[in-house]
Amino acid sequence: MKYKFLPKEDKKVAEIIARENKRQKEELELIASENYISSAVLEAQGSVLTNKYSEGTPGHRYYGGNQIIDEMELLAVARLKKIFGCAHANVQPLSGSPANAAVYMAFLKPGDKVLGLKLDHGGHLSHGHPVNFSGMLYNFVQYGVDPKTGRIDMAEVRRIAKREKPKMIVAGYSAYCREIDWKAFKKIADEVGAYTFADIAHTAGLIAAGLMSNPVPYFDVVSTTTHKTLRGPRGAVIMCQEKYAKLIDRAVFPGMQGGPHNHTTAAKAVAFGEALKPSFKKYAAQVIKNAKTMAGEFIKLGYDVVSGGTDNHLFILNLGARGIGGREAEVALEQVGISVSRSTIPNDPNPPMNPSGIRIGSPAATTRKMKEKEMLKVVHWIDEALQNKDDKKVLARIKKEVKKLCLAFPIPTE
Ligand code: DSN
């Protein structure tokens, strides 16, 4: 990736970007929420659409000169509707948490009761954690996964919902590797008169490819970020039934945000176009195969994989029995050029800053066209690095091998 103007105009910024670019090329990304965008998405994101203010919605803007921006936003909306089959879509949310804030604002009043999955069981901060706006403004009651299976127990969700009578039930998670029974959630919500809200940030790309079930036909409202498995720019969208269109649009603007980031809207449109291509289906299928391959190999090596495997793009290694903390493991792997994120395990006895596990995901490595063969190598490097976390020589050797593999599988924007 070469810049024409930046190195002349601002050496310092150019140099920092160049170093990060080199890191991305030479190191392996296994953070489940990250991915590499295409050059086309990058170009749209870097476009002059960033210059324009367009508060409002297409055809109803508070600034002049928005006819072309309207066309872009409507294109992004149309493509998103085609992917997920939603009746209404808002493509303006700046990122996942603001999107979720807008959803809550649209349907709830401060103090209303909501059901969400606990953070250490795989939920997201914005699903009611006390340090987050969601937990501060709304009365979240949290459900968890079954301690034996590591899976959501729908009978338990139903029991809690009937006891608590929430106004909304949130499903869709950040560190949960199993299929979600959207229909069962909807049935429970109907029994207690609650709204249904799905946050599909992690699995949106897999749902787009038709490989995981889609909550859109069942749920009142669905949010997703656009930069994870969906492989678009950093941002988010909200989809809902037609009857909630105004509520959602008003909650996004003027409720939560000012002007949309039009350059990001353009990049979202490009990414949605890519997700509609047959090649994206192949990509998503390989993402799942790669995650299953890694989880299976870790199990063979004697590791404890939460819930015993994965149905999607990620899994959690519980390192508790191996005497190594999640933070230590993350740091050891950083030294060999592999990025993972420390992760809580269900009912983690340790705090989120130093939890008992690590979360591993396959979306970025799969974008580099790595397949099962490479994933097996990676698992053995991780195992070796964790077993030799204080041996600088071993770590240096693995780092060299990781770099060699990465250079053979270029990132798309090289
Ligand atoms: N921070 C994201 C993740 O890593 O899952 C969720 O927002």
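What counts as what
Residues numbered from 1 in each chain as written. Predicted model: local features only at pLDDT ≥ 70, side-chain atom pairs only at ≥ 80, totals over all residues. Heavy atoms only, no water. Near = heavy atom within 4 Å. Polar contact = N/O pair within 3.5 Å; in protein donor to acceptor, adjacent residues only side chain to side chain. Areas by Shrake-Rupley, 256 points an atom, 1.4 Å probe, with all protein chains shown as cover. Nonpolar A, V, L, I, M, F, W, Y, C, P; charged D, E, K, R; others polar. Salt bridge = Lys/Arg side-chain N within 4 Å of Asp/Glu carboxyl O. Buried < 20%, exposed > 50% of the residue type's maximum accessible area, 1.4 Å probe, protein only. Helix = DSSP H or I, 4+ residues; strand = E, 2+ residues; numbered from the N terminus. Core = buried A, V, L, I, M, F, W, Y, C linked by side-chain atoms within 4.5 Å. Contact = heavy atoms within 4.5 Å. 1 Å grid on protein atoms, 1.4 Å probe; cavity = no way out; pocket = protein on both sides within 12 Å on 5 of 7 lines; lining within 4 Å. Points joined across faces, edges and corners; volume = space filled by probe spheres on them. Phe/Tyr/Trp six-rings, centres within 6.5 Å; stacked < 30°, edge-to-face > 60°. Lys NZ or Arg CZ within 6 Å of the ring centre and 35° of its normal. Patch = residues over 30% accessible without salt bridge, like charges linked within 9 Å, V, L, I, M, F, W, Y side chains within 5 Å. Lys, Arg positive; Asp, Glu negative; His and termini not counted. Charge placed at Lys NZ, Arg CZ, Asp CG, Glu CD. Pairing = 2+ DSSP bridges. Axes fitted to C-alpha atoms, helices over the stretch in contact; angles between N-to-C directions.

Asker: Got a minute to help me understand the site of the ligand in this structure?
Answerer: Around the ligand lies a shell formed by Ser33, His124, Ser174, His202, Lys228 and Arg359. Note that an oxygen atom of the ligand is positioned 2.7 Å from one of the side-chain N or O atoms of His202. Take Arg359: an N or O atom from its side chain is 2.7 Å from an oxygen atom of the ligand. For the ligand, the protein covers 63% of the area, taking 230 Å² as the surface of the free molecule. Classifying every residue of the shell around the ligand gives no nonpolar, four polar and two charged.

Asker: Is there a simple way to explain the pattern of salt bridges in this structure?
Answerer: A side chain of one charge can pair with a side chain of the opposite charge when the charged atoms of the two come close. Taken as a whole, this structure holds 23 salt bridges when the rule is applied. A salt bridge links Arg61 to Asp70; the nearest nitrogen and oxygen atoms lie 2.7 Å apart. The residues Arg61 and Asp70 share a single accessibility class, namely buried. A salt bridge links Glu164 to Lys113, with the shortest nitrogen-to-oxygen separation between them at 2.7 Å. Of the two residues, Glu164 sits in helix H7 (residues 154-164) while Lys113 sits in strand E5 (residues 113-117), which places them 51 residues apart along the sequence.

Asker: Even after reading the chapter, I still don't get the nonpolar core, so can you show me in this structure?
Answerer: Across soluble globular proteins, nonpolar side chains have a tendency to be buried as a group. Core analysis: the biggest nonpolar cluster contains 52 residues, and Phe84, Tyr143, Ile152, Tyr173, Phe185, Ile200 and Met239 have the highest contact counts within it. No other element matches the six residues that helix H8 (residues 182-192) contributes to this core. Core analysis: the next-biggest nonpolar cluster, separate from the first, contains 34 residues, Leu317, Met370, Leu386 and Val402 among them.

Asker: Would you mind going over the side chain of His127 with me for this structure?
Answerer: Its place among the elements puts His127 in the loop between E5 and helix H6 (133-137). There is a polar contact of 2.8 Å between the side chain of His127 and the side chain of Asp199. The contacts of His127, once residues within four sequence positions are left out, are Asn100, Tyr104, Gly116, Leu117, Ser134, Phe140, Gln142, Val170, Gly172 and Asp199.

Asker: Mind showing me how you'd approach the layout of surface pockets here?
Answerer: Roughly 550 Å³ of internal volume is contained in the largest pocket. Going through the elements one at a time, helix H2 (11-26) and helix H3 (39-45) are the ones with two or more residues in the lining of the largest pocket. Ranked by residues supplied to the lining of the largest pocket, first place goes to H2 with five residues. Its residues assigned to classes, the lining of the largest pocket shows eight nonpolar, seven polar and six charged. Taken together, 18 residues line the second largest pocket, and the ones lying closest to its centre are Leu119, Arg342, Ser343, Thr344 and Arg359. With three residues, the single largest contributor to the lining of the second largest pocket is strand E14 (residues 341-343). Here the residues of the lining of the second largest pocket sort into seven nonpolar, eight polar and three charged.

Asker: Explanation requested: empty space enclosed by the protein in the structure shown.
Answerer: For the coordinates displayed, the defined rule picks out three cavities of 30 Å³ or more. The space that makes up the largest cavity amounts to roughly 120 Å³. Surrounding the largest cavity, 18 residues form its lining, Tyr173, Arg178, Ile180, Thr203 and Asn312 being those nearest its centre. Class assignment of the residues belonging to the lining of the largest cavity gives a composition of nine nonpolar, six polar and three charged. Taken as a whole, the second largest cavity holds about 100 Å³ of empty space. Along its surface, the second largest cavity is lined by 16 residues, and His121, Ala175, Val306, Ile316 and Pro346 are the ones closest to its centre. For the lining of the second largest cavity, the class distribution of residues is nine nonpolar, six polar and one charged.

Asker: Would you explain the environment of Glu179 in this entry?
Answerer: With respect to the secondary-structure elements, Glu179 resides in the loop between strand E7 (168-171) and H8. Given a relative accessible area of 33%, Glu179 falls into the partly exposed group. Apart from the residues within four sequence positions on either side, Glu179 is in contact with Leu211, Met212, Ser213 and Asp311. For Glu179, the side chain forms a polar contact with the main-chain nitrogen of Ser213, separated by 2.9 Å.

Asker: Even after reading the chapter, I still don't get the packing of aromatic side chains, so can you show me in this structure?
Answerer: Ring pairs (aromatic) are described by centroid distance and by the angle formed between their planes. For the structure on display, the rule yields 16 aromatic pairs. A connected cluster of aromatic rings, assembled from ring pairs, spans Tyr104, Phe133, Tyr138, Phe140 and Phe197. The ring of Tyr303 has Arg322 sitting right over it, with the charged end atom 3.5 Å from the ring centre.

Asker: I would appreciate a short explanation of a positive patch on the surface in the present structure.
Answerer: On the surface, a cluster of positive charge is contributed by Lys282, Lys289, Lys369 and Lys371. Here Lys282 shows up in helix H12 (residues 278-300).

Asker: Before we go on, may I ask you to explain the sheet that holds E14 in this structure?
Answerer: Sheet strands associate in pairs through backbone hydrogen bonding, adopting either a parallel or an antiparallel arrangement. Reading across from one edge, E11-E12-E15-E14 is the order of the four strands in this open sheet, with antiparallel pairing throughout. Every other strand in the sheet has two partners, leaving strand E11 (304-305) and E14 as the edge strands with one partner each. Direction of pairing for E11 relative to strand E12 (residues 314-318): antiparallel, over a ladder of two bridges. Paired with Asp304 across the strands is Asn318, a residue of E12. Set on the sheet, H12 makes contact with E11, E12 and strand E15 (357-361); between it and E12 the angle comes to about 20 degrees.

All we've got here are geometric facts, nothing functional implied.
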